Amino acid sequence: MDVLTPTPLTYPYEASRPKMALIAEGGGQRGIFTAGVLDAWLDNDFDPFDLFIGTSAGSQNLTSFLSRQKGYAKRLIRGLSRHKRFYQLGRGLVGGNVVDLDWYFDKTTQGSFALDFTAAAKSLGQRELLITATNSRDRQGYFLRPNGDNDHWRELLKASSALPFLYKQGVKLAPWLTASAANQVHTNYDYPQADFYLDGGLAAPLPVREAYRRGARKIVVIRTVNADFHAQSAWVHKLKSWICVSGYCPKTIDYLAQHEQAYEQELAFIANPPDDVEIIQIFADDNLQSKLLGSTDMDLRHDYQTGITAGNAFLHTQKAFYSTHSLHAQPPLESLTIMQSMTA
């Protein structure tokens, strides 16, 4: 297992820069693109962010990035998420969970798939990591902070990844979650002390507005869709096709409709951001080949390398800026897209 000891990274503009946020979108196995981007940054000791927000697979990627375990997310996706134990559509047709998240996250406690939460907490330091989850009762989105306990952190990751139909009931988060450990998308709701939570992408699929609300004025977003994508999320389309076959509860369709509405609101914010924020989106220039689930190993390898290339392209375009300029000295920018073609 490639476990790197966390070391302080250098921030050349620390004294005067505004708050920087990194957002990692979900997308199931497509998260291997994000894994490539983040591994490229680990190779270059690049981590200037103050705030991290991850949704579903994105929250897992951010955790392994903070743990400095280069290659970990790639191994997890290529290994565990392709294992026959993890994903069996037939289980859902007979009342079980299509995706065995319990087995998956149990595997992250030991051996080659062990996730080093202690190292992640150390490198996070006084910065903030938020993991999105959707309450199954009130359907509101919550931004949850790990409290330093490994099992707690792991349960948050599981909840953020628990898609309806695929993991039906959700994950019960209680009683160690209190109001001090959670921040809702909408603050006019009382925080439930014990409840079941589902995938954060249902209510907060692309939490750029939340990053802005929390004071971030330079926001980097790693996307797991193609740059020309403006319609229904790929995983939503896939889920709907499965649900139509199974005849599963229409409530799941309602969740997916909620996701689409929230997604469109975030895209509108990115397209027309306030004047005081810079939003940089990192896309794959070469179309991603992987899917929500059921990707071939060849497709996953392709998308990981695409991520490496995109991560290095970001560093190349931003290098002079990070080394010689204060962010405060830069004029406000509209949403920017970073893409890099695959090289032979």
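### Let's talk about the packing of aromatic side chains
- Counted according to the given criterion, the structure contains 11 aromatic pairs.
- Consider the rings of Phe 46 and Phe 314, whose centres lie 5.9 Å apart with planes at 65°: the pair is edge-to-face. Residue Phe 46 is located in the loop between α1 (31-43) and β2 (51-54), and its partner Phe 314 is located in helix α11 (residues 297-324); the two are separated by 268 residues in the primary sequence.
- Given the relative accessible area of 0%, Phe 314 is considered buried.
- Members of the aromatic cluster, joined through ring pairs, are Trp 41, Phe 46, Phe 49, Phe 52 and Phe 314.

### Points about the pattern of salt bridges
- Going through the model one piece at a time under the given rule, you end up with 19 salt bridges.
- Between Arg 145 and Glu 128 there is a salt bridge, with the nearest N and O atoms lying 2.7 Å from each other. Within this pair, whereas Arg 145 is found in the loop between β4 (141-144) and α7 (150-160), its partner Glu 128 is found in strand β3 (residues 128-135), the two being separated by 17 residues in sequence.
- Glu 128 sits in the buried class, given a relative accessible area of 19%.
- What you see here is one network of salt bridges that share partners, running through Glu 128, Arg 145, Glu 210, Arg 213 and Arg 214.

### What to know about the layout of surface pockets
- In this structure, the largest pocket occupies an estimated 640 Å³ of space.
- Gly 27, Gly 28, Gln 29, Ala 57 and Leu 292 are the residues nearest the centre of the largest pocket, which is lined by 43 residues in total.
- Looking at the lining of the largest pocket, the elements that each hand over two or more residues are α2 (57-66), α3 (72-79), α5 (101-106), β8 (216-226), α9 (234-246) and α10 (250-271).
- Considering each element in turn, the lining of the largest pocket owes the most residues, four residues, to α3.

### Thoughts on empty space enclosed by the protein
- Taken as a whole, this structure holds one cavity of 30 Å³ or more when the rule is applied.
- Estimates place the volume of the largest cavity at around 40 Å³.
- Listing elements by their share of the lining of the largest cavity, those giving two or more residues are α1 and α2.
- The element contributing the most residues to the lining of the largest cavity is α1, with four residues.
- Classifying every residue of the lining of the largest cavity by side-chain character gives five nonpolar, three polar and one charged.

### A look at unusual backbone geometry
- You will see that Ser 56, though not glycine, has its phi angle at about 55°, which is positive.
- By relative accessible area, Ser 56 is classed as buried at 9%.
- In this structure, Arg 139 takes a positive phi of about 65° despite not being glycine.
- Assignment of secondary structure puts Arg 139 in the loop between β3 and β4.

### Brief notes about the nonpolar core
- In this structure, Leu 22, Trp 41, Phe 52 and Ile 282 are the most contacted members of the largest nonpolar core, which totals 68 residues.
- With eight residues, α1 is the single largest residue contributor to this core.
- For Leu 22, the contacting residues outside a window of four places in its chain are Leu 38, Trp 41, Phe 49, Leu 51, Phe 52, Ile 53, Leu 62, Val 220 and Ile 222.
- Of all hydrophobic cores here, the second largest spans 18 residues; its members include Ala 21, Leu 51, Leu 130 and Ala 216.

### Considerations on α2
- Within α2, 10 of the 10 residues are buried, which leaves it mostly tucked inside the rest of the structure.
- Arg 68 sits one or two positions beyond α2 and adopts a positive phi of about 60°.

### Focus: the packing of α1 against α2
- Following both chains from N to C, one finds α1 and α2 inclined at 20°, their axes separated by 10 Å at the closest point. One finds that α1 runs roughly parallel with respect to α2. In terms of crossing hand, the pair formed by α1 and α2 is right-handed. Contact with α1, carried on its side by Gly 31, Thr 34, Ala 35, Leu 38, Trp 41 and Leu 42, involves Asn 61, Leu 62 and Phe 65 of α2 and no other residues of that element.
- Considering only residue class, the contact of α1 with α2 consists of six nonpolar, three polar and no charged.

### Side note on helix α6 (residues 117-124)
- Looking at α6, one finds that the buried residues are Phe 117, Ala 119, Ala 120, Ser 123 and Leu 124. Angular distribution of buried residues about the axis of α6 spans 160°; they occupy a single face of the element. Summarising the geometry of α6, the exposed residues directed more than 90 degrees from the buried face are Thr 118 and Lys 122.
- Where α6 is buried, its residues contact β2, α2, β3 and α7.

Reading the values: rules and limits
- Residues numbered from 1 in each chain as written.
- Predicted model: local features only at pLDDT ≥ 70, side-chain atom pairs only at ≥ 80, totals over all residues.
- Heavy atoms only, no water.
- Phe/Tyr/Trp six-rings, centres within 6.5 Å; stacked < 30°, edge-to-face > 60°.
- Helix = DSSP H or I, 4+ residues; strand = E, 2+ residues; numbered from the N terminus.
- Buried < 20%, exposed > 50% of the residue type's maximum accessible area, 1.4 Å probe, protein only.
- Salt bridge = Lys/Arg side-chain N within 4 Å of Asp/Glu carboxyl O.
- 1 Å grid on protein atoms, 1.4 Å probe; cavity = no way out; pocket = protein on both sides within 12 Å on 5 of 7 lines; lining within 4 Å.
- Points joined across faces, edges and corners; volume = space filled by probe spheres on them.
- Nonpolar A, V, L, I, M, F, W, Y, C, P; charged D, E, K, R; others polar.
- Core = buried A, V, L, I, M, F, W, Y, C linked by side-chain atoms within 4.5 Å.
- Contact = heavy atoms within 4.5 Å.
- Axes fitted to C-alpha atoms, helices over the stretch in contact; angles between N-to-C directions.
- Parallel < 35°, antiparallel > 145°, perpendicular 65-115°, else oblique.
- Left-handed = near helix turned anticlockwise from the far one by under 90°.
- Arc of directions from axis to C-beta.

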